[in-house]
Amino acid sequence: MERQNASGSPAIDPALSRYSRQVLFEKIGVDGQRRLGQSHALLVGCGALGTVLANTLVRAGVGHLRICDRDYIERDNLQRQVLFDEADIAANLPKAQAAAAKLARINSDVAVEAVVADVNHTNIERLAEGADLILDGTDNFETRFLINDLAVKTNRPWVYGAVIGATGLCMTIVPGDTPCLRCVFEEAPPPEMNPTCDTAGVLGSAVNVVASLQAVEAIKLLAGRRDEINRHLVQIDVWSGRFVNLNVSAVGGQGDCPCCKQRRFSYLSGERAAATTALCGRNAVQVRAGAGATEAVDFAAIARKLEPVVSQPVEYNRYLLRAVVDGHELTLFPDGRAIIKGTDDLDKARTLYAKYVGM
Ligand SMILES: [Zn+2]
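It should be emphasised that the depicted structure is a prediction, and the values quoted were computed from it without experimental measurement.

(A) Seen up close, the coordination of the zinc ion. The zinc ion binds to the protein through C180 (SG), C183 (SG), C257 (SG) and C260 (SG), with metal-donor distances spanning 2.3 Å. Each donor residue of the zinc ion lies on the same chain, and together they follow the pattern C-x2-C-x73-C-x2-C. Of the two residues, C183 is situated in helix α8 (residues 181-184) and C257 in the loop between α10 (249-254) and β9 (276-279); the sequence distance between them amounts to 74 residues. You'll find C183 and C257 in the same group, each marked buried.

Right, here's the structure in full:
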């Protein structure tokens with residue numbers, strides 16, 4: 001039974017009072033808010049879209065959010081990656097760690113878990129354990145197709161989002177109900193979204209709109225409003241003000257999708273996985289450690305090994321080690337993964353890794 005306050009409107013359970021404006025919204029209400037508070041979401045990628053998604057969901061009162069990101073913060077991220085600041089850069093914090101620290105100050109009722117890792121076919125099943133929903137905060141189709149494989153295989157919803165320039169796309173995928181991502185983009189991304197690592201740039205406004213659309217879809221799914229999801233592929237352009245809802249329901253029914261129809265999970269099985277990846281728009285390459293690297297890397301030992309061959313001091317904290325080798329900035333993570341800046345050349349990056357890290 002709901003109590004009435006002096007103004008005659010129903011009083012809200014004190015545990016939900018911080019969400020009063022959201023509970024008053026009738027599509028959510030007390031029941032939706034409680035469901036949201038018991039839900040668990042996995043966020044893959046905590047950059048532009050990811051920081052807005054995490055900020056919105058943690059403020060909205062999701063129960064548990066696991067944030068996975070492979071990268072550290074740079075100055076040119078601050079234009080759009082809303083959870084980070086200059087102090088995080090000075091402290092050499094990985095994105096997942098900096099985001100979790102900020103979110104804990106925003107809403108300590110939410111269990112926020114930071115995982116500094118490259119999400120790939122070897123770990124995504126474990127990272128998604130317990131998650132009711134997966135959120136796409138990535139910047140590449142390889143990881144999106146990996147998420148799509150896992151979501152379809154394990155029958156869990158996920159929300160796709162992508163942004164470039166002033167434009168963006170968003171789609172909610174509920175396996176067995178809506179088309180999956182590969183029903184719509186079987187192989188290549190659409191030309192206007194082609195992640196060619198070029199200089200198209202990206203507007204913070206476009207990021208905020210797409211991530212907000214993703215977040216509201218996530219809230220519907222987690223608050224028990226699955227029947228009200230947007231079943232369209234949403235295309236937006238914040239510069240021209242154009243919003244288009246593209247009808248994709250037909251592609252799910254007619255096609256012979258390799259993922260949701262044939263159930264061939266080629267991204268999840270690892271047959272499409274690359275050990276070395278150029279990072280979109282970064283002039284940087286990620287090199288993964290060889291299989292079998294289970295122990296955390298000993299940063300102190302690596303620093304001692306590098307000191308004689310580097311001109312600048314090697315810096316490290318518990319999250320990452322940074323050194324300049326042959327004119328390239330090398331950032332090493334405890335899992336043995338490295339990001340090598342100043343090149344898009346995969347062979348060159350692998351050579352530098354073998355020479356200086358050598359695992
Ligand atoms: Zn499909």
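(B) Geometry of empty space enclosed by the protein. Per the stated rule, a full pass over the model turns up one cavity of 30 Å³ or more. Each pocket or cavity is described by its volume, and for the largest cavity that value is around 100 Å³. Every residue lining the largest cavity is counted, 13 residues in all, and those nearest its centre are N120, E142, T143, L146 and R288. At three residues, helix α7 (residues 141-154) tops the list of elements feeding residues into the lining of the largest cavity. Looking at side-chain class alone, the lining of the largest cavity contains four nonpolar, five polar and four charged residues.

(C) Fine view of the side chain of Q214. Mapped onto the elements, Q214 comes out in helix α9 (residues 204-222). With sequence-adjacent residues up to four places away left out, Q214 is seen in contact with L49, L53, L135, D136, V159, Y160, G161 and C170.

(D) Focus on the packing of aromatic side chains. Enumeration over the complete set of coordinates arrives at seven aromatic pairs. Aromatic side chains W158 and Y160 sit 6.3 Å apart centroid to centroid with 70 degrees between the ring planes, which places their arrangement in the edge-to-face category. Here a set of aromatic residues connected by ring pairs shows up, and it is made of F141, F145, W158, Y160, F185 and Y267. Taking the ring centre of F145 as reference, the NZ or CZ of R182 above it sits at 5.4 Å. The side chain of R337 reaches across the aromatic face of F333, ending 4.2 Å from its centre.

(E) Structural view of the environment of D136. Positionally, D136 belongs in strand β4 (residues 133-136). Overall, the relative accessible area of 0% leaves D136 in the buried class. Of note is the side chain of D136, whose polar atom sits 2.7 Å from the side chain of T138. Polar contacts involving the side chain of D136 include one to the side chain of R144, which spans 2.8 Å.

(F) Just the nonpolar core, in detail. If you look at the biggest cluster of nonpolar residues, it comprises 42 residues, and the most contacted ones within it are L43, V62, L65, I67, L133 and L135. Listed by contribution, the elements that provide at least two residues to this core are β1 (40-44), α3 (48-60), β2 (64-69), α5 (95-106), β4, α9 and β7 (233-237). Once residues lying within four places of it in the same chain are set aside, the contact partners of L133 are H40, A41, L42, P157, W158, V159, A218, L221 and L222.

(G) Examining the sheet that holds β4 more closely. Reading across from one edge, β3-β2-β1-β4-β5-β6-β7-β8 is the order of the eight strands in this open sheet, with mixed pairing throughout. A single partner strand is all that each edge strand has here, and the edge strands are β3 (111-116) and β8 (242-246). Pairs of neighbouring strands in the sheet enclose a mean axial angle of 15 degrees, with direction left out of account. Sheet analysis places β7 next to β8, joined by five bridges and oriented antiparallel. Residue pairing across strands places D237 opposite R242, the latter belonging to β8. Strands β2 and β3 of the sheet are contacted by α5, whose axis makes an angle of about 165 degrees with β3. Contacting β1, β4, β5 (158-164), β6 (167-173), β7 and β8, α9 runs over the sheet at an angle of about 175 degrees to β5.

Cut-offs applied
- Residues numbered from 1 in each chain as written.
- Predicted model: local features only at pLDDT ≥ 70, side-chain atom pairs only at ≥ 80, totals over all residues.
- Heavy atoms only, no water.
- Donors = N, O, S within 2.8 Å, 3.2 Å for Na, K, Ca; no water.
- Helix = DSSP H or I, 4+ residues; strand = E, 2+ residues; numbered from the N terminus.
- Buried < 20%, exposed > 50% of the residue type's maximum accessible area, 1.4 Å probe, protein only.
- 1 Å grid on protein atoms, 1.4 Å probe; cavity = no way out; pocket = protein on both sides within 12 Å on 5 of 7 lines; lining within 4 Å.
- Points joined across faces, edges and corners; volume = space filled by probe spheres on them.
- Nonpolar A, V, L, I, M, F, W, Y, C, P; charged D, E, K, R; others polar.
- Contact = heavy atoms within 4.5 Å.
- Phe/Tyr/Trp six-rings, centres within 6.5 Å; stacked < 30°, edge-to-face > 60°.
- Lys NZ or Arg CZ within 6 Å of the ring centre and 35° of its normal.
- Polar contact = N/O pair within 3.5 Å; in protein donor to acceptor, adjacent residues only side chain to side chain.
- Core = buried A, V, L, I, M, F, W, Y, C linked by side-chain atoms within 4.5 Å.
- Pairing = 2+ DSSP bridges.
- Axes fitted to C-alpha atoms, helices over the stretch in contact; angles between N-to-C directions.

Keep in mind these numbers describe shape, not what the thing actually does.
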